[in-house]
Amino acid sequence: MSQDLLHEQQHYLAQLLEAIQRCAWFLHRSDAKINWPIDPEWLSEHKKDVDLFETLAAINERFAKLQDSLASAMRHSALLAGESSDSFLKVLAFFEKQGVIDATSDWQRCRAVRNMAAHDYATHYAEIAEHFNLLHELADVLFHAARRLIAWSDEQLGISPASQDFSPEFERIFV
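Overview of the structure. (Residues numbered from 1 in each chain as written. Predicted model: local features only at pLDDT ≥ 70, side-chain atom pairs only at ≥ 80, totals over all residues. Heavy atoms only, no water.)

What follows covers the overall build of the protein. Within the protein one finds seven helices and zero strands. Order of helices (α) and strands (β) in the protein, N terminus to C terminus: α-α-α-α-α-α-α. The C-alpha radius of gyration computed for the protein amounts to 17 Å, which stays within 12% of the reference 16 Å derived for 175 residues, consistent with globular compactness. Taken along its principal axes, the extent of the C-alpha atoms in the protein is 60 × 30 × 25 Å. The burial tally for the protein puts 44% of its 175 residues in the buried class. Restricting to contacts in the protein with at least 6 residues of sequence separation, those with at least 24 account for 74%. About 9600 Å² of surface is accessible on the protein, with carbon and sulfur atoms providing 49% of the total. Each charge class in the protein was averaged separately, 16 positive and 27 negative side chains, and the resulting centres sit 2 Å apart. (Helix = DSSP H or I, 4+ residues; strand = E, 2+ residues; numbered from the N terminus. Rg over C-alpha atoms; globule rule 2.2 N^0.38 Å. Buried < 20%, exposed > 50% of the residue type's maximum accessible area, 1.4 Å probe, protein only. Contact = heavy atoms within 4.5 Å. Areas by Shrake-Rupley, 256 points an atom, 1.4 Å probe, with all protein chains shown as cover. Lys, Arg positive; Asp, Glu negative; His and termini not counted. Charge placed at Lys NZ, Arg CZ, Asp CG, Glu CD.)

As structure tokens, then:
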């Protein structure tokens with residue numbers, strides 16, 4: 001890679017890392033508005049609560065955005081590290097070996113739960129509650145992967161988030 005292209009690619013990863021911090025923080029703040037776990041009967045009783053369902057929609061969207069941002073940053077980090085990135089399963093296997101993710105199966109579980117919401121228009125409150133309770137549980141998988149990827153990128157590639165705008169808030173997730 002030419003020096004200009006390399007610098008451009010490093011800057012792009014730094015921007016992705018900043019976006020991860022921002023996505024994680026907003027997901028964490030939305031998640032904090034809910035008393036977990038969600039009970040199906042309680043959810044049914046509050047089915048017309050606009051604020052509640054706007055918060056749940058935000059959780060759904062922010063979970064997906066965080067996972068997408070992490071996937072982009074992992075693929076880009078692998079590329080900059082000279083690792084194979086032709087399939088995302090190889091990228092996941094690499095980052096599992098690096099300790100960024102605990103298990104490829106955890107990542108796939110997050111993806112499956114996230115995809116359920118995109119394709120399921122359930123009106124059964126037990127299913128809706130189960131979905132959001134799973135998102136809440138799995139958010140920690142993404143938060144910890146985000147933190148470890150940011151640390152790994154700094155240690156292995158010398159690349160940190162493009163700005164520190166969300167760094168303090170991001171670190172408070174883990175306190």
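Take the pattern of salt bridges next. Pairing is possible between side chains that carry opposite charge, provided their charged atoms lie close to one another. This model, assessed by the stated rule, comprises seven salt bridges. With its nearest N and O atoms 3.3 Å apart, the salt bridge here joins Lys90 to Asp86. Residue class for Asp86 comes out exposed when judged on its relative accessible area of 60%. The network of salt bridges with common partners includes Asp68, Arg111 and Arg114. (Salt bridge = Lys/Arg side-chain N within 4 Å of Asp/Glu carboxyl O.)

Formed by 51 residues in total, the largest nonpolar core has its most connected members in Ile20, Leu66, Leu70, Met74, Phe95, Trp107 and Leu149. Looking at this core, the elements with two or more residues in it are helix 1 (3–31), helix 3 (50–80), helix 4 (88–97), helix 5 (104–119) and helix 6 (125–157). With 15 residues, the single largest contributor to this core is helix 6. Excluding anything up to four places from it in sequence, Leu70 contacts Ile20, Trp107, Leu142, Ala145, Ala146 and Leu149. (Core = buried A, V, L, I, M, F, W, Y, C linked by side-chain atoms within 4.5 Å.)

Counting through the fold element by element, Gln67 comes out in helix 3. Those residues in contact with Gln67 that sit more than four places away from it in its chain are Trp107, Cys110, Arg111, Arg114 and Leu142.

Further remarks concern the packing of helix 3 against helix 4. Contact geometry for helix 3 and helix 4: axes closest at 10 Å, N-to-C directions at 80°. The angle between the axes of helix 3 and helix 4 places the two elements in the roughly perpendicular class. Here helix 3 contributes Ala71, Met74, Arg75, Ser77 and Ala78 to the contact with helix 4, which in turn contributes Phe88, Val91, Leu92 and Phe95. (Axes fitted to C-alpha atoms, helices over the stretch in contact; angles between N-to-C directions. Parallel < 35°, antiparallel > 145°, perpendicular 65-115°, else oblique.)

You can see Phe132 is positioned in helix 6. Exposure remark for Phe132: the relative accessible area of 9% places this residue in the buried category. Between the C-alpha atoms of Phe132 and Leu52, which are 80 residues apart in sequence, the distance is 12 Å. Excluding residues within four positions of it along the chain, Phe132 makes contact with Trp36, Ile38, Leu56, Ile59 and Asn60.

Along helix 4, the residues that are buried comprise Phe88, Val91, Leu92, Phe94 and Phe95. Taken around the axis of helix 4, the buried residues stretch over an arc of 160°, which confines them to a single face. Along helix 4, the residues that are exposed and aim more than 90 degrees away from the buried face are Leu89 and Lys97. Two residues or fewer past helix 4, Gly99 is found with a positive phi of approximately 80°. (Arc of directions from axis to C-beta.)

The next subject is the packing of helix 1 against helix 6. Contact geometry for helix 1 and helix 6: axes closest at 10 Å, N-to-C directions at 155°. Relative to helix 6, the element helix 1 lies roughly antiparallel. Note that helix 1 runs across helix 6; the crossing there is left-handed. Mapping the contact onto sequence places Leu13, Leu17, Ile20, Gln21, Ala24, Leu27, His28 and Asp31 in helix 1 and His136, Ala139, Phe143, Ala146, Leu149, Ile150, Ser153 and Leu157 in helix 6. Among the residues making up the contact of helix 1 with helix 6, the classes are represented as 11 nonpolar, four polar and one charged. (Left-handed = near helix turned anticlockwise from the far one by under 90°. Nonpolar A, V, L, I, M, F, W, Y, C, P; charged D, E, K, R; others polar.)

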